[in-house]
Structures are given as structure tokens and as C-alpha cells.
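Below are the chains, spelled out letter by letter.
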Amino acid sequence: MKIPYYPGCTLKTTAKPFEDTTKAVSEAVGIELIEMPRWNCCGTVYSLASDDLMHQLAPIRNLIRVQDMGYDRVTTLCSMCYNTLEQANQLVKSDPEKLEKMNSFMDQEEDYTGGVTVVHYLTVLKEMGFDSLPVKNPLKGLTVVPYYGCLLLRPEEISIDNPERPTVMAELLTSLGATVVDYPYKLECCGSYHTVNHKEVVCEKTYHILSSARKRGAEAVVLSCPLCEFNLDFRQKDLEQELAPMPILYFSQLLAISLGLFDALEFDQHYVDPKPLLKEKGLLR
Amino acid sequence: MIPKISKETTLLEKAEELSGEKIFSCHKCGKCSAGCPVGTLMDVRPHQVIELVQANDWNVLESKTIWLCASCFQCATRCPKDVDLTRVMEALRLLVLRENVDHIRISEISKEDLKELPPVALVSNFRKYTG
Ligand code: SF4
Ligand code: SF4
């Protein structure tokens, strides 16, 4: 299957391991990711003000590029990009007047027709069927929890799963051979952009999320958002007295391990090094 | 400091216009506050924010709450009356930001933080905290 891929800024920088492992996995399972030749930052957060069309231009411009490529779907990895692109998309699809205004403003571009759908990469995998994944190195003996956070699931209109009781990541991880346990914090916000100037908020959220995961027996937390990754991982720096280190992994890193794609792995950008845990479980080559 | 916004239109009208929400739909059940991930840190709880807007009380713009809201959409998802409080919070922030009163001084972020923080953190923070 061929699908355009929108990377976003963070996948090219601090979340490079998320992108690299996804590319390797895609190749192994027959998903041809066509990286968009031209893209711009989506803005990272969807603008919620009813009079603000200016900030909707960036996401819609990206969808025009997808349209130019001749496709009607685009996939992305970052939860924030997914949320911003698809919320903006749904806004213009449901409001022809706004779409027309934006199209006439972007007079150097083709008009956007509203014909593109943004699908998160987890959905692409789910459509293929998790059972069809060629697992060579099952994640036996590894107990994990999925962490969904906010933006894959809320608001409801763009949710990739049941917004209050999601199972998609648990299903994926189970099919990779991991033991998945449930805990009450899988939907709880990590504090998001407060990490820049209200670190204490993020530390408090990180503490609650990770200690709950630990109590349920989790050895690692698995997620899909580069900002959640940073927050739950790097904010442990300030929690060393309170919390034993908890490795935070992108779902694609565990996918790569279970498919035996060891060359794609890179753990240098993590604060808590996941390698000791993965080695202890005999999962790294 | 409350920004010098023309008070000819009421806060309620401004907030409804900017958010697109119907503020009086709220029946004060408190579900928004119950589920808010930063509710315990707020000086005014989310359902009280709605009450203050209903009462046209401009002091709500001085609350810590509007800046502590992390735009997580939890209240919006759970509200039984379809009030999207995430949008109301954004409207209230914008009433301040559009008067050129930023909530963050970018020059005060340390070099170490700038080096370590992912782009997605910085861009989203500046989008929410600067006008
Ligand atoms: S959940 Fe909705 S109806 Fe209930 S208090 Fe909050 S805004 Fe009002
Ligand atoms: S959007 Fe804001 S007010 Fe609503 S639950 Fe999240 S943090 Fe609380």
C-alpha cells in the first residue's frame, strides 16, 4: 500500500528514532511511505478561536500538497500533527464559506477541495491487521502500558479509537507478544506545552502517570507523541528521588524490535536508557 | 492586570463570539472540573470559569486557570451539555493576548532548555502564550 507521509518538525529532530524505526517497519510490512516532497509546520496546536483562519492556513496548505501529489489520504506519526491537520481539515470540510475564504487567500496554490483524509499511522497498521505483522522476535516477558494522552483521542470527532476506552495500542502490543496491563492514567494529559515555562505541572503529571503504571507492574510506557515522550522521559530528571527510572518508548521502536529490525534502532535521544531493560529481557541482538 | 478591553460588549458576548459556544447551556454539573488534569492546581475550577463568564466577571482574565489549562479537550469530551470549555479557555486567553500581553518571555528561556526542548514544545507554547 502506498500512502503520503507528513513528517512534521519534531520527527526530523528530537524524535528521529520514531521516524527511523517507522520507516524500517513500513518497508518490512509493505507500506510504502511517500514522504511529502514539500511540507511546512502544521502549527502544532489547532486554533480554537472561531474568528482565526490565519492559523488554519498552515495545516490546509499541507493538505493541498497531498492533493497535488494525487492522493486522498496522508499519514503522520506525531499525535499533535495528526490532531492539528485533521481538526483543520474537518473545519473546512464542514464550513464551505471558510474554505472559500482560505482558498482565495492562498491564491498561489490550487484550491483545496476537502478531499483528503488524515490517518494516523496506528490506523494504517490496524487496517492491515495487527495479526499480519511478521513478528520474529516476540516481546515475551516484557510488561508494558500504552499511554495515549490527549491528541489521538480528543476531540471525539478526530479520535482514532473510543475516546474514553481506547484499545488500539494495547491490541498492537499484545500482537507483538508483550504483556499489556491497564492503568487509570492512559488518557491523562502529561501537561503538554507547560513543559517550557511551568515544568512543575509536567513533573506532577509525570509522577502520577508513571507511578500508576509502575504499580500495575509496567516496565515501560509506550506512546506515539514526541511531546509526551519528552515530558514523561526528560521530566524524570527532577523526580529521581521519588521514582525509579521508567523507560519511555515509541510504539514503532517495539515494532522494530519484534520484527527483528535491529539496525533501525537508536536510543541515544532518550533520557532514561531503555537498553538495560530490553537486554535483560533478551530482546536486543 | 486586566487588559484595557472595551467593555461596551460584555465578557459573555466576547467569549461566546470567540469560542462559538453557548455559555448558558452549562448546567453546572462539575464534570469538567472533575476530569481536568490540572484542576487541583487551578485557582478557579473549570466549572467556576463558566460561572464567572455567565456573570460577566472580567476578573476571570486574572485567574491562573486560563494559563494552566493545557488544552487537553478532556472537559470538552465529557461535558453532557456539549459546552466546549477548551474553546472557552482559549477565548479567554485570546482576550488577554490580543491586547499584546504575552504570558511568556521567550528571552527568559534558558539556553539549556532551548537546546533540550523538542520543537513541538516550543511552537505549541508560543502559540498558546503569545499574541
Ligand atoms: S461539564 Fe459542561 S455542563 Fe457540566 S459544569 Fe462543565 S461546562 Fe457545565
Ligand atoms: S482543556 Fe483545559 S480546562 Fe479542559 S480539562 Fe483540559 S486542562 Fe482542564
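Just so it is clear, the structure is predicted and the values come from calculations on it, not from any experiment.

1. So, the sheet that holds strand β6 (residues 179-180) of chain A
All names here are of chain A. If you walk across this open sheet you meet the four strands as β6-β5-β7-β8, and the pairing is parallel. Whereas interior strands pair on both sides, the edge strands pair on one side only; in this sheet they are β6 and β8 (248-250). Packing against the sheet, helix α6 (residues 168-175) makes contact with β5 (143-146), β6 and β7 (220-223), and its axis sits at approximately 155 degrees to β5.

2. Some details on the pairing of strand β2 (residues 32-35) of chain A
Residue and element names in this part refer to chain A. When strand β1 (residues 2-6) meets β2, the two strands line up parallel, connected through four bridges. Directly across from Tyr5, in β2, lies its bridge partner Glu35. Regarding topology, helix α1 (residues 16-29) serves as the crossover connection from β1 to the parallel β2, and that connection is right-handed.

3. Some words on the site of ligand 1
Around ligand 1, a shell composed of B:Cys26, B:His27, B:Lys28, B:Cys29, B:Gly30, B:Lys31, B:Cys32, B:His47, B:Cys79, B:Pro80, B:Lys81 and B:Val83 is seen. Each residue belonging to the shell around ligand 1 can be placed in one class, and the counts come to six nonpolar, three polar and three charged.

4. Considerations on the nonpolar core
Counting 149 residues, the largest nonpolar core has A:Phe251, A:Leu254, A:Ile257 and B:Leu92 as the members making the most contacts within it. Of the residues forming this core, the biggest block, nine residues, is contributed by helix α6 (residues 85-97) of chain B. Each of domain 1 (2-123) and domain 2 (131-280) of chain A contributes no fewer than three residues to this core. For A:Phe251, the residues in contact, after removing those within four places along its chain, are A:Phe18, A:Leu77, A:His120, A:Tyr121, A:Leu122, A:Leu125, A:Leu172, A:Val222, A:Leu223 and A:Ser224.

5. Brief notes about the site of ligand 2
Residue and element names in this part refer to chain B. Around ligand 2 sit Cys36, Pro37, Val38, Cys69, Ala70, Ser71, Cys72, Phe73, Gln74, Cys75, Thr86 and Met89, and those are all the residues in its vicinity. Contributions of two or more residues to the shell around ligand 2 are made by α5 (74-78) and α6. Taken together, the residues of the shell around ligand 2 sort by class into nine nonpolar, three polar and no charged.

6. Details of the packing of helix α1 (residues 11-19) of chain B against α6(B)
All names here are of chain B. Close contact between α1 and α6 brings their axes to 8 Å; oriented N to C, the two are set at 115 degrees. Seen from above, α1 lies across α6 with right-handed handedness. Residues Leu11, Lys14, Ala15, Leu18 and Ser19 of α1 form the contact with α6, whose own contacting residues are Arg87, Val88, Ala91, Leu92, Leu94 and Leu95. For the contact of α1 with α6, the per-class residue count stands at eight nonpolar, one polar and two charged.

7. Some words on the pairing of strand β3 (residues 73-76) of chain A
Residue and element names in this part refer to chain A. Both β1 and β3 contribute to a ladder of two bridges, which runs parallel. Looking across to β3, one finds that Tyr5 is bridged to Thr75. Pairing of β3 with strand β4 (residues 117-120), which is carried by four bridges, proceeds in the parallel orientation. Residue pairing for β4: Arg73 is matched across the bridge by Thr117.

Conventions used here
- Residues numbered from 1 in each chain as written.
- Chains lettered and ligands numbered in written order.
- Predicted model: local features only at pLDDT ≥ 70, side-chain atom pairs only at ≥ 80, totals over all residues.
- Heavy atoms only, no water.
- Pairing = 2+ DSSP bridges.
- Helix = DSSP H or I, 4+ residues; strand = E, 2+ residues; numbered from the N terminus.
- Contact = heavy atoms within 4.5 Å.
- Axes fitted to C-alpha atoms, helices over the stretch in contact; angles between N-to-C directions.
- Right-handed = clockwise from strand over helix to strand, strands pointing away.
- Near = heavy atom within 4 Å.
- Nonpolar A, V, L, I, M, F, W, Y, C, P; charged D, E, K, R; others polar.
- Core = buried A, V, L, I, M, F, W, Y, C linked by side-chain atoms within 4.5 Å.
- Buried < 20%, exposed > 50% of the residue type's maximum accessible area, 1.4 Å probe, protein only.
- Domains from an automatic or database assignment.
- Left-handed = near helix turned anticlockwise from the far one by under 90°.

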